[in-house]
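# Analysis of the macromolecular model
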Amino acid sequence: VGGLGDRWHDLWSPPVLKALDLLQPRTVAARDEIPMAATFPGLSPVPVSASNGARSSLDQEAFAALLCEARHRDEVGELLLRRVSSIVGRSYLLVVHSGKVVGWLARGRGVVLDDVQSFSADCDEPSALDTIAGGDGFCGRLPAGPINQLIIEMLGDPMATEIAIVPIAIKNRVVAYLVGDTPGAKITGEDLEDLAAASKMAGVALEVLVMKKKFLSS
C-alpha cells in the first residue's frame, strides 16, 4: 500500500518539539488500567495488587460509539481490549513497527504490561503470527517455537493452553495483532468471529487516525 508505511510510522513517532515546549511542565495522565508490577523472563510473576481491568467491558454498540471519538492510537487499543474483555478473560496487543512486532497494551488479571512491552521480534522470525497474516485469525494450541512460547507466556499464569490471535489491518496490511485467552475454557468459533469483528473496527479507527495525521501535517 503506497505511503501507508510512512504514515503508520508517523503515528508512532513523537511530535517535533518547539523551543517553548521544553519550558512547559511535564504532566502524566492517570492510567488506572496499568498495574504497578513487573516480572523478569524466567521468574515467577509478581502478584498484581490492582487489576488492569478496572474499567468495564464494552458491548458492540458502546465500542463503536467510543471508537468514533478516539483521538489517539492508545485510545483505540484500550477500547479494543475493553471490548474483547467481554469475550476472553485476558488479552494483549502487539504492534508492527519499523520491521518488528513489539508489545503495546494489555488487560486482564495476570497479564503484566511491562512483560508485554518488553516483547520484540523481527517480522520475518518464524511464529504463529506469520500464519495468520491476511486471515481472520487463529484459535487453538500454538506449535513449539521460541516466539510462540513467548506469546503464550505473556498471558501470565495459569499458562495458556488454547489462545486466539487475530490480525488488525489497515488497507489489507497487518499493523497489529490481538492475542487473548480465557484460562480453563476453550475459545469457540463464535468467540473468534467476535474478536475478528472488533479487530476490524479497531483497524478502521486506526486508519482514520493515520489519515487525520496525514492531513494535519500536509
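Below is a summary of the structure that appears in this document. (Residues numbered from 1 in each chain as written. Predicted model: local features only at pLDDT ≥ 70, side-chain atom pairs only at ≥ 80, totals over all residues. Heavy atoms only, no water.)

### Brief notes about the overall build of the chain
A count of helices and strands for the chain gives seven helices and six strands. For the chain, the N- to C-terminal ordering of α and β elements is α-α-α-β-β-α-β-α-β-α-β-β-α. Each of the 218 residues in the chain was classed as buried or not, and the buried ones make up 42%. Residue pairs in contact within the chain that sit at least 24 positions apart in sequence constitute 61% of those at least 6 positions apart. (Helix = DSSP H or I, 4+ residues; strand = E, 2+ residues; numbered from the N terminus. Buried < 20%, exposed > 50% of the residue type's maximum accessible area, 1.4 Å probe, protein only. Contact = heavy atoms within 4.5 Å.)

### Quick word on the pattern of salt bridges
Within this structure, the stated rule accounts for four salt bridges. A salt bridge links Asp 181 to Arg 90; its shortest N-O distance comes to 2.5 Å. A residue pair is termed long-range when its members are at least 10 positions apart, and Asp 181 in strand β6 (residues 173-181) and Arg 90 in strand β1 (residues 90-97) qualify at 91 residues. A relative accessible area of 1% means that Asp 181 is categorised as buried. (Salt bridge = Lys/Arg side-chain N within 4 Å of Asp/Glu carboxyl O.)

### Some words on the pairing of β6
Burial within β6 is extensive, with eight of its nine residues counted as buried. In terms of strand pairing, β1 meets β6 through six bridges, oriented antiparallel. In the sheet register, Tyr 92 faces β6, and the bridge partner there is Val 179. Of the strand pairs in this sheet, strand β5 (residues 163-170) and β6 are connected by seven bridges, and their pairing is antiparallel. Each residue of the ladder has a partner; that of Ile 168, found in β6, is Ala 176. (Pairing = 2+ DSSP bridges.)

### Some thoughts on the sheet that holds β6
Here six strands make up an open sheet; going across it, the order is β3-β2-β1-β6-β5-β4 and the pairing antiparallel. Edge positions in the sheet fall to β3 (120-122) and β4 (138-140), since each of these pairs with one other strand and no more. Looking at each pair of strands side by side, their axes are set apart by 20° on average, direction ignored. Pairing analysis gives three bridges linking β4 to β5, with the strands arranged antiparallel. Within β5, the position partnered with Cys 139 by the bridge is Ala 164. Strand contacts of helix α3 (residues 73-84): β1, β2 (100-107), β5 and β6, with the helix running at about 60° to β2, the strand carrying the most contacts. (Axes fitted to C-alpha atoms, helices over the stretch in contact; angles between N-to-C directions.)

### Digging into the nonpolar core
One finds Phe 63, Val 76, Leu 80, Val 84, Leu 93, Leu 178 and Leu 195 to be the most contacted residues of the largest nonpolar core, which totals 32 residues. Take this core: its biggest share by element is nine residues, from helix α7 (residues 189-217). Non-local contacts of Val 76, meaning those with residues more than four positions away in its chain, are made with Leu 67, Ala 70, Ala 202, Ala 205, Leu 206 and Leu 209. (Core = buried A, V, L, I, M, F, W, Y, C linked by side-chain atoms within 4.5 Å.)

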